[in-house]
Amino acid sequence: MKYFSTRGADQLLSFEETVLAGLAPDGGLYIPEHVPPLPDNWQTAWKDYSFIDLSVEVLSLYISPEEISRAELRALVEKSYSTFRHPDITPLKKLNEKTYVLELFHGPTFAFKDVALQLLGNLFEFFLKRRNKRKAPGEKPEKLTVVGATSGDTGSAAIYGLRNKANISIFILHPKGRVSPIQEAQMTTVTDANVHNLAVQGTFDDCQDIVKALFNDREFNATHRLGAVNSINWARILAQTVYYFLSYFQLRRQVPNPDEIEIQYVVPTGNFGDILAGYYAKRMGLPMGRLGVATNANDILARFWKSGAYEKVDSSVPTPAAGGASDGKQASDASGVRETLSPAMDILVSSNFERLLWYLAFEGVAQGEDVAARKKAAGATIADWMSKVKSDGRVQVPTSVLELARKDFFAERVSDEETLETIKYYFESEAHYIADPHTAVGLCAARRVAPQNPTQIRQVVLSTAHPAKFSEAVTRALRGSPSFDFERDILPPEFKGLLERERRVIDVEAPQVDLVKKLIEKFAVPAGEVGASV
């Protein structure tokens, strides 16, 4: 299996090269040259498999055994998920007859990002050890300099996946004051020498723009050879496809007539990586209905599915007056990002959406029988669309593309008020379930569309974070509920005393690339050695 850029570059990369490269030189994201079909007997052969077993099977469809042998792959997977607290890794919980939650927060940082980043950290280590083993005596070892942006959970998950690993340094940029106290503490209380937290005065999009600018700076990139470990990295998406397969089998074991139901996955979505993994699982052949995109007030995706316009600012409504927002904690800031109760989704532009757009362009725009020519045409289309988003802040896709998108997805926007109401509703329900605000966005969207669903639909909402990570929102929602006690009901032992621990963080006074460059050059591995990024 080889990988190529969504923007049409001719270069084909191996899995290892793709993992280490991050963004393509033309600014695109890497995707597989084809989506492999599932084996003919997968439903019977895999039905009793564990998460570990399914990971090996699914990943091996995308990774050549010449790159990573099956035995090496199993060892990597077993090591990665030995850090999880639940034996199922991602257990499925029933809320009522039609609604389930897939809990993805049982890893070391209590967020779904652990599923991919524990594996990715071990892949980096594996590739480094193998490369350095091949070097001649006295030759300098290769090293990684990880640079990434986070809206909250990616940072801590990346840090926990890479802390104290030999020959790896990690720099994480987060928007100062725009992540939850627990998220910030999880990152900044890791004081390993190879970990560097940068608190940037700005938004997540500012942080992400800085990271992308570093990639696009050819001289800086040549010096540090930057790559990616956040959700623009293909390995992140691939790792996340596994829990869709696991939940499919888990649900079939929990219902009396499994062949008569259809699963509808609903995913709280910011950067579009988690739901994109479900789309790949569907393209491979996993049975499911349309995927539900659940957004907060930062609704670029929900607006796309309504109009076909992918735009940073909603052009259909007047600019709101400053001074507050009815559905968020405050009005949009100068960048257009709204601060909400689900901060990990406070994102203006969804980086992974480009991957979906490529498939939509390939099937809805590119013409002809020559597959290679259609791929090239799709890449040129994506390059044009992304250029318009960068220069004009928007692109309007053809009706044919929007219709294709609607075949596999629907989208719903959820306000802060609805988020709080949803947390309270499920806590007071028979299930007595406590959801974090991101999961509540997904649950609200699912509940909204449920009345229109056919009777055979069972909804699976992806639960992306432990509620204790967002204590302010959960406590606010359940204020006045006499049966709720934060410490008793949801506070994990690992979080006790976390806010009081020693911290190490560097303030960056403005969202400027040069300021971050200076810090990387001061603390990173020596020039000329290999780098990677989150």
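Residues numbered from 1 in each chain as written. Predicted model: local features only at pLDDT ≥ 70, side-chain atom pairs only at ≥ 80, totals over all residues. Heavy atoms only, no water.

J.: What exactly am I supposed to notice about the overall build of the chain here?
T.: A count of helices and strands for the chain gives 20 helices and 15 strands. Scaling as 2.2 N^0.38, a compact globule of 534 residues should have a C-alpha radius of gyration of about 24 Å, and the chain matches this with 22 Å. Seen along its three principal axes, the alpha-carbon backbone of the chain occupies a region of about 65 × 60 × 50 Å. In the chain, the proportion of contacts linking residues at least 24 apart, taken out of those at least 6 apart, comes to 76%. When the accessible surface of the chain is split by element, carbon and sulfur atoms take 48% of a total near 20,900 Å². Both charge centroids of the chain, one from 62 positive and one from 67 negative side chains, sit 2 Å from each other. (Helix = DSSP H or I, 4+ residues; strand = E, 2+ residues; numbered from the N terminus. Rg over C-alpha atoms; globule rule 2.2 N^0.38 Å. Contact = heavy atoms within 4.5 Å. Areas by Shrake-Rupley, 256 points an atom, 1.4 Å probe, with all protein chains shown as cover. Lys, Arg positive; Asp, Glu negative; His and termini not counted. Charge placed at Lys NZ, Arg CZ, Asp CG, Glu CD.)

J.: How should I be thinking about the nonpolar core in this particular structure?
T.: The nonpolar side chains of a soluble globular protein tend to be buried with one another. In terms of nonpolar packing, the biggest core is built from 119 residues, with F15, Y81, Y244, F245, F272 and W305 touching the most fellow members. Broken down by element, the residue count for this core peaks at 13 residues, all from helix α10 (residues 234-254). Beyond its immediate sequence surroundings of up to four residues, F272 is in contact with V293, L301, W305, S350, N352, F353, L356 and F409. (Core = buried A, V, L, I, M, F, W, Y, C linked by side-chain atoms within 4.5 Å. Buried < 20%, exposed > 50% of the residue type's maximum accessible area, 1.4 Å probe, protein only.)

J.: Would you take a moment to explain the layout of surface pockets for this structure?
T.: The method is simple in principle: a probe with the dimensions of a water molecule rolls over the atoms, and the space it marks as empty is what remains. In this structure, the largest pocket occupies an estimated 720 Å³ of space. Along its surface, the largest pocket is lined by 29 residues, and R7, D209, K212, M386 and K390 are the ones closest to its centre. At the level of elements, α8 (204-216), α13 (353-364) and α14 (371-392) are the ones that each hand at least two residues to the lining of the largest pocket. When residues in the lining of the largest pocket are grouped by element, the largest group, seven residues, is from α8. Per-class residue counts for the lining of the largest pocket are 13 nonpolar, seven polar and nine charged. (1 Å grid on protein atoms, 1.4 Å probe; cavity = no way out; pocket = protein on both sides within 12 Å on 5 of 7 lines; lining within 4 Å. Points joined across faces, edges and corners; volume = space filled by probe spheres on them. Nonpolar A, V, L, I, M, F, W, Y, C, P; charged D, E, K, R; others polar.)

J.: Please explain the packing of aromatic side chains as it appears in this structure.
T.: The geometry of an aromatic ring pair comes down to the distance between the two centres and the angle between the two planes. Counted by the stated rule, this structure contains 34 aromatic pairs. With a centroid separation of 5.2 Å and an interplanar angle of 75°, the aromatic rings of Y248 and F249 are classed as edge-to-face. The exposure classification of Y248 matches that of F249, with both residues buried. Relative to Y359, the ring of W358 has its centre 5.1 Å away and its plane inclined at 85°; by these criteria the two rings are edge-to-face. Like W358, the residue Y359 is buried in the burial classification. One Lys or Arg, R85, reaches over the ring of F110 and ends 3.6 Å from the middle of that ring. The positively charged end of R163 is found above the aromatic ring belonging to Y160, 5.3 Å away from the centroid. (Phe/Tyr/Trp six-rings, centres within 6.5 Å; stacked < 30°, edge-to-face > 60°. Lys NZ or Arg CZ within 6 Å of the ring centre and 35° of its normal.)

J.: Looking at this structure, I do not really get the side chain of R355. What am I missing?
T.: Mapped onto the secondary structure, R355 falls in helix α13. Among buried charged residues, R355 stands out as having no salt bridge; its nearest opposite-charge side chain is E354, 8.3 Å away. A distance of 2.6 Å separates the side chain of R355 from the side chain of N352, its partner in a polar contact. Ignoring any residue separated from it by four or fewer positions in sequence, one finds R355 in contact with T6, L29, Y30, I31, S231, I232, N233, W234, I237, L276 and Y280. (Salt bridge = Lys/Arg side-chain N within 4 Å of Asp/Glu carboxyl O. Polar contact = N/O pair within 3.5 Å; in protein donor to acceptor, adjacent residues only side chain to side chain.)

J.: Explanation requested: the sheet that holds strand β9 (residues 291-295) in the structure shown.
T.: The strand order across the open sheet formed by six strands is β3-β4-β13-β8-β9-β12, and the pairing between neighbours is mixed. In the strand order of this sheet, the two ends are held by β3 (92-94) and β12 (409-413), each with one partner. If you compare each strand with its neighbour and ignore which way they point, the axes differ by 25° on average. Two elements, strand β8 (residues 262-268) and strand β13 (residues 457-463), share five bridges in a ladder whose sense is parallel. Note that in β13 the partner of V266 across the bridge is V461. Each of β8, β9, β12 and β13 touches helix α11 (residues 273-284); the most contacted strand, β9, lies at about 175° to it. (Pairing = 2+ DSSP bridges. Axes fitted to C-alpha atoms, helices over the stretch in contact; angles between N-to-C directions.)

J.: Teacher, can you tell me more about empty space enclosed by the protein here?
T.: Following the criterion strictly, the structure yields two cavities of 30 Å³ or more and no others. Approximately 300 Å³ is the volume found for the largest cavity. As for the largest cavity, its lining consists of 27 residues, and the residues nearest its centre are F112, K113, G270, N271 and A344. At the level of secondary structure, the elements contributing two or more residues to the lining of the largest cavity comprise α6 (153-162), α10, β8 and α11. Sorting elements by how many residues they give to the lining of the largest cavity places α11 first, with three residues.

J.: Help me out: how do you make sense of unusual backbone geometry in this one?
T.: Although it is not a glycine, I89 adopts a positive phi angle of roughly 70°. Tracing the sequence through the fold places I89 in the loop between α4 (70-81) and β3. The phi angle at F110 is positive, at roughly 65°, despite the residue not being glycine. One can find F110 in the loop between β4 (99-103) and α5 (113-133). Using a relative accessible area of 3% as the deciding quantity, one classes F110 as buried.

J.: Explanation requested: helix α3 (residues 51-60) in the structure shown.
T.: Among the ten residues that make up α3, eight are buried, leaving the element largely enclosed by the rest of the structure. When we look at burial in α3, the residues that qualify are F51, I52, L54, S55, V56, E57, V58 and L59. On its buried face, α3 sits against α4, α5, α10 and α11.

J.: Sorry if this is basic, but what is going on with the pattern of salt bridges here?
T.: Any two side chains of opposite charge can pair, so long as their charged atoms come close to each other. This model, assessed by the stated rule, comprises 31 salt bridges. In this structure, the salt-bridge partner of R488 is D489, at a minimum N-O distance of 2.8 Å. For D489, a relative accessible area of 29% puts it in the partly exposed group. The network of salt bridges with shared partners includes E16, R130, R131, K135, E139 and E142.

J.: I would appreciate a short explanation of the pairing of strand β7 (residues 195-200) in the present structure.
T.: Regular strands have side chains that alternate between both faces of the sheet. Within β7, six of the six residues are buried, which leaves the element mostly enclosed by the surrounding structure. Burial along β7 is two-sided: V195, N197 and A199 facing one way and H196, L198 and V200 facing the other are all buried. The pairing of strand β6 (residues 168-175) with β7 spans six bridges and is classified as parallel. Pairing of P175 across the sheet is with V200, part of β7. On the question of chirality, the crossover connecting β6 to the parallel β7 by way of helix α7 (residues 181-188) is right-handed. (Right-handed = clockwise from strand over helix to strand, strands pointing away.)

J.: Is there a simple way to think about the pairing of β13 in this case?
T.: Within β13, seven of the seven residues are buried, which leaves it mostly tucked inside the rest of the structure. In β13, alternate side chains face the same way, and those of I457, Q459, V461 and S463 on one face and R458, V460 and L462 on the other are all buried. Alignment of β4 against β13, held across five bridges, turns out to be parallel. Looking at β13, one finds that Y100 is bridged to V460.

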